[in-house]
Amino acid sequence: MAEKIGFKTEVNKLLDIVINSLYSEKYIFLRELISNSSDAIDKLKYWKLINPELKIENTQYKITITPNKDDNTLTISDNGIGMDKDDLVNHIGTIAKSGTAEFLNNTKENASAVDLIGKFGVGFYSAFMVAQKVEIVTKKANSNEAYLWISDGIDGYEIKNTSKEGYGTSIKLYLKEDAKDFVDTIYLRNIIHTYSEHIDYPIVLNLGDAGEETVNTNEALWTRNKADITEKQYRDFYQHVTKNFDDPLVTLHFKAEGSLEYSGLLFVPTKAPYDLFQPDRITGLKLYVNKVFVSDKVEGLMPVYLRFLRGVIDSPDLPLNISREMLQQSALIAKIRQGTVSRIIKELKNLAKEEEKYNTFWKAFGIAFKEGIYEDFTNRENVAELSRFYSTKSIDTLTSLDKYIENKKDKNKEIYYITGDDIKTLNSNPQLDVFKENDIEVLLLNDPIDEFWTQTLTSYKGYELKHISQAKLDLSIKREGIKADENKLNKLLDNMQEWFKEEVSKVEATEKLASSPASLTVLEGQMSIHLERLMRNHQQKTNFDSSRILQINPYHPLIVKLTSLIEENDKTEVVKNVSMLILEQAKIAEGEAVSNPQLFNEKLSEFILKAI
Ligand code: ADP
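Values in this document were obtained by computation on a predicted structure and should not be read as measured data.

1. A short note on the overall build of the protein chain
Counting secondary structure elements, the protein chain contains 21 helices and 23 strands. Here the protein chain has a C-alpha radius of gyration of 32 Å; the compact-globule value for 612 residues is 25 Å, and the former is much larger. In terms of its C-alpha atoms, the protein chain occupies a principal-axis envelope of roughly 105 × 55 × 40 Å. Residue burial in the protein chain is summarised as follows: out of 612 residues, 52% are buried. Taking all contacts inside the protein chain whose residues are at least 6 apart in sequence as the whole, residues at least 24 apart take part in 71%. For the protein chain, the exposed surface amounts to about 29,200 Å²; the carbon and sulfur share of it is 48%. Here the protein chain carries 78 positive and 94 negative side-chain charges, and the mean point of each set is 2 Å from the other.

This is the structure we're talking about:
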């Protein structure tokens, strides 16, 4: 009985992109299908190990590629786990990966296949780059039902019952007119060599009457000697595990010996993956036990802040006969994690010696990496040392805490920072005037995450980290202009305090502002304005905090002028409106929105008109 099923919307969209983009690297489909077959064999191998009672007969695992020049088809078969009907519907007919559907819905008409593969690996659907029709024959291990899945990639698919010897999956591609090269054995051999050399199972080219030929060397790359591995082999393997097309930024291949033996082949990619900040952030490492793939979702194998790492960890000493959940909790996993994290940190410290490369790393992964400052107690100081920042003295190039300390001229054992949304706004914050005037560097922290690690890392190498609003520094600014009259100034401050009592807890004069009439800060020990804003944006806080202080610069001509008008009764309205503009300006300088844009605009226009 045949059943016709339509594709889900996102599948249609994806197929549309895959089929219609003029993508020159069509051979990628072969890599993707071989990689799926290899995953299917991995799954079967593991499944057999944890279910020994099922007595599935042993076969030699392999992936067979059969070109047929007579009918222009290419068949990729494996004796892996196979699929049942649910698998066909749920895995082949749907795109399960989080983010893909969203990406496809947001993407413009002309998204390229490269982008797509780069982000998600279009996997199975890449078959339609070269095929006008695809037939899958598959039988799940330990089942008697085999299925035939047929699709032209346009009108949905059909599923029928069929029969099949043995289990596994066989995918037959009816090649398009412009893809007939893929029946050429020389060409195929070449592609397999280039893109699938590192696959753990034999990839066999079926040459018909001429017999079979194994194309790859099929030896797990990470088990081999470093000295015998070429850079190209590392790169191919990296591209296989990441589905990226670039080169790895860092390759770390190691073997740990001693009471617990394990090896690792890890990569730091050059670009951040699309899901670096998705809530279900998991490790990107594949765990093997003595070359048997266990899972790529082993929690605790890597700390979350290192989730950008890709690659493989393999240990012969881990138990295979326990569930993934139990394995996750085993002390052995924790030990592997600790050892591996130390190696990565060491490697990153090495990378940091090459500034340009390190900046690439930092720009791609810095935000995630900084989470380590509060997540990884043991390595907190290391992560801080490896972190990079912009500062008032380093606006265009990144600096570090060590450099900050090294360049420090004053004797204060303090490191100053300010938090906000973007570097430019931060750098023009009037609160920085006095620091700049006195040649004191201030770190400009503009990631939301900075609000959190600064709460945990209160000191670094003996220097206390301090938000500038908490700095107890006796600094001043050299003055030339005239200062507002003390009595009148107090009267102005009292009035402002009354007018703005809903918005600020205090209005005070300060000696620390240079060129702005006013600026906002907070009471000592209170949440920074930026953190308050973050929380408000996440609906955790609806009111302005009452701990805000509006600081007034008594040397600013505008303030001097206002104080001179304060005692004239008929000028009260003007003074009030100008004060309102001053408060709103102080908010803008903080990166805040004005509270009453309509009134603000109206009054601003009114004053401008008077001036011109
Ligand atoms: P991905 O491999 O990245 O998950 P694909 O679109 O390539 O995405 O494949 C979707 C799913 O279909 C796989 O996760 C797997 O469950 C199933 N699948 C694909 N090819 C095979 C195969 N040869 N044998 C068994 N299952 C397969």
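2. Thoughts on the nonpolar core
The biggest cluster of nonpolar side chains holds 74 residues, and the ones touching the most others in it are Leu-306, Phe-308, Phe-361, Phe-369, Ile-415, Tyr-416 and Phe-435. Of the residues that make up this core, three or more belong to each of domain 2 (221-357) and domain 3 (388-470). In this structure Phe-435 touches Tyr-416, Ile-440, Val-442, Ile-468, Ala-471, Leu-473 and Leu-475, once residues within four positions along its chain are discounted. Within the second largest apolar cluster, 53 residues are counted, among which are Ile-63, Leu-74, Val-183 and Leu-188.

3. Looking at the side chain of Ser-263
Tracing the sequence through the fold places Ser-263 in strand E11 (residues 262-268). Leaving out residues up to four positions away in the same chain, Ser-263 has contacts with Trp-222, Phe-254, Lys-255, Val-312, Ile-313 and Asp-314.

4. Concerning the pairing of strand E5 (residues 146-151)
Both faces of the sheet carry side chains from a regular strand, because those side chains alternate between them. In terms of burial, E5 is largely enclosed, as six of its six residues are buried. Alternating positions in E5 separate into two faces, Ala-146, Leu-148 and Ile-150 on one and Tyr-147, Trp-149 and Ser-151 on the other, with burial throughout. Remark: six residues form the turn of the hairpin made by strand E4 (residues 131-139) and E5, two consecutive strands paired antiparallel; Asn-142 in that turn has positive phi of roughly 70°. When E5 meets strand E6 (residues 157-162), the two strands line up antiparallel, connected through six bridges. In the sheet register, Trp-149 faces E6, and the bridge partner there is Ile-159. Hairpin connection, E5 to E6: the antiparallel pair is bridged by five residues, and Gly-153 has positive phi, about 75°.

5. A word on the environment of Ala-146
Relative to the helices and strands, Ala-146 is located in strand E5. Residue class for Ala-146 comes out buried when judged on its relative accessible area of 1%. For Ala-146 and Leu-15, which are 131 residues apart along the polypeptide, the C-alpha to C-alpha distance reads 26 Å. Residues in contact with Ala-146, not counting those within four places in the same chain, are Thr-138, Lys-139, Lys-160, Asn-161, Thr-162, Ser-163 and Lys-164.

6. As for the domain arrangement of the protein chain
How large an interface is tends to be reported as the accessible area lost when its parts come together. Assigned domains within the protein chain: domain 1 (3-214), domain 2 (221-357), domain 3 (388-470) and domain 4 (486-611). Computed over C-alpha atoms only, the centres of domain 2 and domain 3 are separated by 34 Å.

7. Regarding helix H17 (residues 486-499)
Taking 1.5 Å as the rise per residue, H17 with 14 residues should run 20 Å; its terminal C-alpha atoms sit 20 Å apart, in good agreement. Here the buried face of H17 lies against strand E21 (506-509), strand E23 (548-552), helix H19 (557-565) and helix H20 (572-590).

8. Some words on the environment of Glu-498
With respect to the helices and strands, the residue Glu-498 is situated in helix H17. Sequence separation between Glu-498 and Thr-64 is 434 residues; the distance between their C-alpha atoms is 82 Å.

9. Observations regarding the pairing of strand E8 (residues 203-206)
Of the strand pairs in this sheet, strand E2 (residues 63-68) and E8 are connected by three bridges, and their pairing is parallel. Within the sheet, the bridge partner assigned to Thr-64 lies in E8 and is Val-204. Sheet topology note: the E8/strand E9 (residues 212-214) ladder contains three bridges and is antiparallel. When the sheet's bridge partners are listed, Leu-205 is paired in E9 with Glu-213. What sits between the antiparallel neighbours E8 and E9 is a turn of five residues, in which Gly-208 has the positive phi angle 65°.

10. Here's the deal with the side chain of Asp-87
With respect to the helices and strands, Asp-87 occurs in helix H3 (residues 85-92). In this structure Asp-87 comes out as buried when scored by relative accessible area, which is 12%. Among the polar contacts made by the side chain of Asp-87, one reaches the side chain of Lys-140 at a distance of 2.7 Å. Apart from residues lying up to four places away in sequence, Asp-87 is in contact with Gly-82, Ile-92 and Lys-140.

11. Points about the packing of H20 against helix H21 (residues 597-611)
H21 packs onto H20 with a crossing angle of 120° between their chain directions and a minimal axis gap of 10 Å. As H20 packs across H21, the resulting crossing turns out to be left-handed. Contact with H20, carried on its side by Val-574, Asn-577, Val-578, Met-580, Leu-581, Glu-584 and Ile-588, involves Leu-599, Phe-600, Lys-603, Leu-604 and Phe-607 of H21 and no other residues of that element. Here the residues of the contact of H20 with H21 sort into nine nonpolar, one polar and two charged.

12. A few points about the pattern of salt bridges
Throughout the structure, instances matching the rule amount to 34 salt bridges. Among the salt bridges present, the one from Glu-371 reaches Arg-307, with a minimum N-O distance of 3.0 Å. Of this pair, Glu-371 sits in the loop between helix H10 (355-370) and helix H11 (372-375) while Arg-307 sits in the loop between strand E13 (292-295) and strand E14 (310-314), placing them 64 residues apart in sequence. Its relative accessible area of 6% is what places Glu-371 among the buried residues. Note on Arg-307: relative accessible area 3%, which makes it buried. Among the salt bridges present, the one from Lys-587 reaches Glu-584, with a minimum N-O distance of 3.1 Å. Taken as a pair, Lys-587 and Glu-584 lie in helix H20 at a separation of three residues, close to a single helical turn. In terms of burial, Lys-587 and Glu-584 fall into one category: buried. Each of Asp-421, Glu-532, Arg-533, Arg-536, Arg-548 and Glu-592 takes part in salt bridges that share partners, so that together they form one network.

What counts as what
Going along each chain's sequence as written, the residues are numbered from 1 onward. With the structure being a predicted model, the display of local features is reserved for residues of pLDDT at least 70 and the display and counting of side-chain atom pairs for 80 or more, all residues being used for whole-chain, interface and lining totals. No hydrogens and no water enter the side-chain calculation; it runs on all heavy atoms of the structure. Only DSSP runs of H or I covering at least 4 residues are called helices, and only runs of E covering at least 2 are called strands; the numbering of each starts at the N terminus. Note on method: radius of gyration uses C-alpha positions; expected globular size equals 2.2 Å times residues raised to 0.38. Partly exposed describes any residue whose relative accessible area lies between the buried limit of under 20% and the exposed limit of over 50%, with all areas from a 1.4 Å probe on protein chains only and scaled to the type maximum. Note on contacts: a residue pair is in contact if any heavy atoms of the two residues lie within 4.5 Å. Per-residue and other accessible areas follow the Shrake-Rupley method at a 1.4 Å probe size, with only the shown protein chains counted as cover for residues. Neither His nor the chain termini are counted; the positive set is Lys and Arg, and the negative set is Asp and Glu. In this description, the location of a charge corresponds to atom NZ of lysine, CZ of arginine, CG of aspartate or CD of glutamate. Side-chain atoms within 4.5 Å are what join buried Ala, Val, Leu, Ile, Met, Phe, Trp, Tyr and Cys residues into a set we call a nonpolar core. Start and end points for every domain follow an automatic or database-based domain assignment. In this analysis, strands are considered paired if DSSP registers two or more bridges between them. Helix span, as expected, comes to 1.5 Å for every residue beyond the first. Contacts described as polar in this section are N or O atom pairs within 3.5 Å, which, within protein, must combine one atom able to donate a hydrogen with one able to accept it, while residues neighboring in sequence count only if both atoms come from side chains. For every element, the axis is a line fit to its C-alpha atoms; helices are fit only across the contacting stretch, and the angle between N-to-C directions ranges from 0 to 180 degrees. The hand of a helix crossing depends on one turn: near helix anticlockwise from the far one by less than a right angle means left-handed, and clockwise means right-handed. When residues are sorted by character, Ala, Val, Leu, Ile, Met, Phe, Trp, Tyr, Cys and Pro go into the nonpolar class, Asp, Glu, Lys and Arg into the charged class, and all the rest, Gly among them, into the polar class. Any Lys or Arg side-chain nitrogen located within 4 Å of an Asp or Glu carboxyl oxygen qualifies as a salt bridge.

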